[in-house]
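Here is what each chain is made of, one letter per residue.
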Amino acid sequence: MSRIGRAPIALPTGVTFENKDNVITISGPLGKLSQTVDKSIDVVLEDGHILCKRHSDDKDHRALHGLYRALINNMVVGVTKGFEKSLIVNGVGYKVTLTGNNKLTLNIGFSHTIEVVAPEGITFAQPQPLEIVVKGIDRQLVGQQAAIIKAYKPVEPYHNYGIHYKDEVVIKKVGKRATK
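To start, this report covers the structure provided alongside it.

Cut-offs and rules
Position numbers for residues count from 1 along each chain, tracking the sequence in the order it is written. In keeping with the model being predicted, local features are shown solely for residues with a pLDDT of at least 70 and side-chain atom pairs are shown and tallied solely at 80 or more, while totals for entire chains, interfaces and linings include all residues. Computation of side-chain values covers all heavy atoms of the structure but excludes hydrogens and water. For the purposes of this entry, the term helix denotes a DSSP run of H or I that reaches at least four residues, the term strand denotes a run of E that reaches at least two, and both are numbered from the N terminus. Throughout, radius of gyration means the C-alpha value; the globule benchmark is 2.2 Å times the number of residues raised to the power 0.38. The buried label goes to any residue with under 20% of its type's maximum accessible area, the exposed label to any with over 50%, and the partly exposed label to all in between, with areas taken from a 1.4 Å probe on protein chains only. By definition in these notes, contact holds between two residues if any of their heavy atoms fall within 4.5 Å. All accessible-area figures derive from a Shrake-Rupley calculation using a 1.4 Å probe, and residue coverage is judged against the displayed protein chains alone. The charge count treats Lys and Arg as positive and Asp and Glu as negative. His and the chain ends do not count. A charged residue contributes its charge at one atom only: NZ of Lys, CZ of Arg, CG of Asp or CD of Glu. Strands are treated as partners if at least two bridges between them are detected by DSSP. Axes here mean lines fitted to C-alpha atoms, for a helix over just the part in contact, with angles spanning 0 to 180 degrees between N-to-C directions. We call Phe, Tyr and Trp rings a pair once their centres come within 6.5 Å, taking the six-membered ring for Trp, and we label the pair stacked below 30 degrees between planes, edge-to-face above 60, and tilted otherwise. Lysine NZ or arginine CZ positioned within 6 Å of the ring centre and within 35 degrees of the ring normal marks a charge as sitting over the ring. When a carboxyl oxygen of Asp or Glu is within 4 Å of a side-chain nitrogen of Lys or Arg, the pair counts as a salt bridge.

A word on the overall build of the protein
Right, on to step 1. Helix and strand counts for the protein come out as 2 helices and 13 strands.
Right, on to step 2. For the protein, the C-alpha radius of gyration of 21 Å lies well beyond 16 Å, the compact-globule estimate for 180 residues.
Right, on to step 3. Principal-axis analysis of the C-alpha atoms gives the protein an extent of 70 × 45 × 25 Å.
Right, on to step 4. Out of the 180 residues belonging to the protein, those deemed buried represent 33%.
Right, on to step 5. The contacts in the protein between residues at least 6 apart in sequence include a share of 49% that link residues at least 24 apart.
Right, on to step 6. Summed over its atoms, the accessible surface of the protein is roughly 11200 Å², and 51% of this surface lies on carbon and sulfur atoms.
Right, on to step 7. Where the 24 positive side-chain charges of the protein centre and where its 17 negative ones centre are 12 Å apart.

Put into structure tokens, the structure is as follows:
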């Protein structure tokens, strides 16, 4: 069996689980998430734990077993704690402005400003002048929105100007050297 797929998911207090026609719905203090599950995977609630069981040992069923267990686990974590990604903006004259919780204005070296409006379920925060935090309950949506913001100005390797993740290691290249 799959090591990931067979691991039970503990259901914290205040979180509800519902399985109706292969649509899993998890509700918690931060919100509600739904996920459609393949018919070859059974998702059941036993003794306060969510278990994923597959019908056979086919290669496709084994792959789906771990996938859906991980997706359901991310839903449980999302509705209890939430997810966040931090981005750092680095460059001379670069500026980030946050309006409310859902609109970013980026001045990142272009002749125009870039405005990013948060989709539903995503909020932005700005703990420092050149740091952006993307928060939400859906892990995929948080990662996608952070990747969209990062793609506006990828880090260039000679001065490290651009947008990168806070925990990303950016390697600076050595520029040209004068020779005799």
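Brief notes about the sheet that holds strand E2 (residues 16-20)
Right, on to step 1. Spatially, 3 strands are ordered E2-E3-E4 in an open sheet, and the strand pairing comes out antiparallel. With one partner strand each, in any of the chains shown, E2 and strand E4 (31-36) form the two edges of the open sheet. Here the strands of the sheet are splayed against their neighbours by 15° on average, with no regard to which way each runs.
Right, on to step 2. Pairing of E2 with strand E3 (residues 23-28) involves 5 bridges; the strand directions are antiparallel.

Looking at the packing of aromatic side chains
Right, on to step 1. In total, this model carries 1 aromatic pair according to the counting rule given.
Right, on to step 2. If you follow lysine 85 out to its NZ or CZ, it ends over the ring of tyrosine 165, 5.0 Å from the centre.
Right, on to step 3. The ring of phenylalanine 110 carries lysine 153 above its face, with NZ or CZ at 4.7 Å from the centroid.

Structural notes on the sheet that holds strand E11 (residues 122-125)
Right, on to step 1. Strand order in this open sheet of 4 strands is E11-E12-E7-E13, and the pairing throughout is antiparallel. Bordering the open sheet on either side are E11 and strand E13 (162-165), each of which pairs with just one other strand. Each adjacent strand pair in this sheet contributes to an overall mean axis angle of 25°, direction not counted.
Right, on to step 2. As paired strands, strand E7 (residues 83-90) and strand E12 (residues 131-136) are joined by 6 bridges and run antiparallel to one another. Residue pairing across strands places glutamate 84 opposite lysine 135, the latter belonging to E12.
Right, on to step 3. Lying over the sheet, helix H2 (residues 139-152) contacts E7, E11, E12 and E13, oriented at roughly 10° with respect to E7.

Some points on the pattern of salt bridges
Oppositely charged side chains can pair when the atoms bearing their charge come close.
Right, on to step 1. Tallying each qualifying case throughout the model produces 5 salt bridges.
Right, on to step 2. Ionic pairing is found between glutamate 46 and lysine 53, a salt bridge with its closest N-O pair at 3.2 Å.
Right, on to step 3. Residue classification places lysine 53 among the partly exposed positions, given a relative accessible area of 37%.
Right, on to step 4. A salt bridge links glutamate 131 to lysine 166; its shortest N-O distance comes to 3.3 Å.

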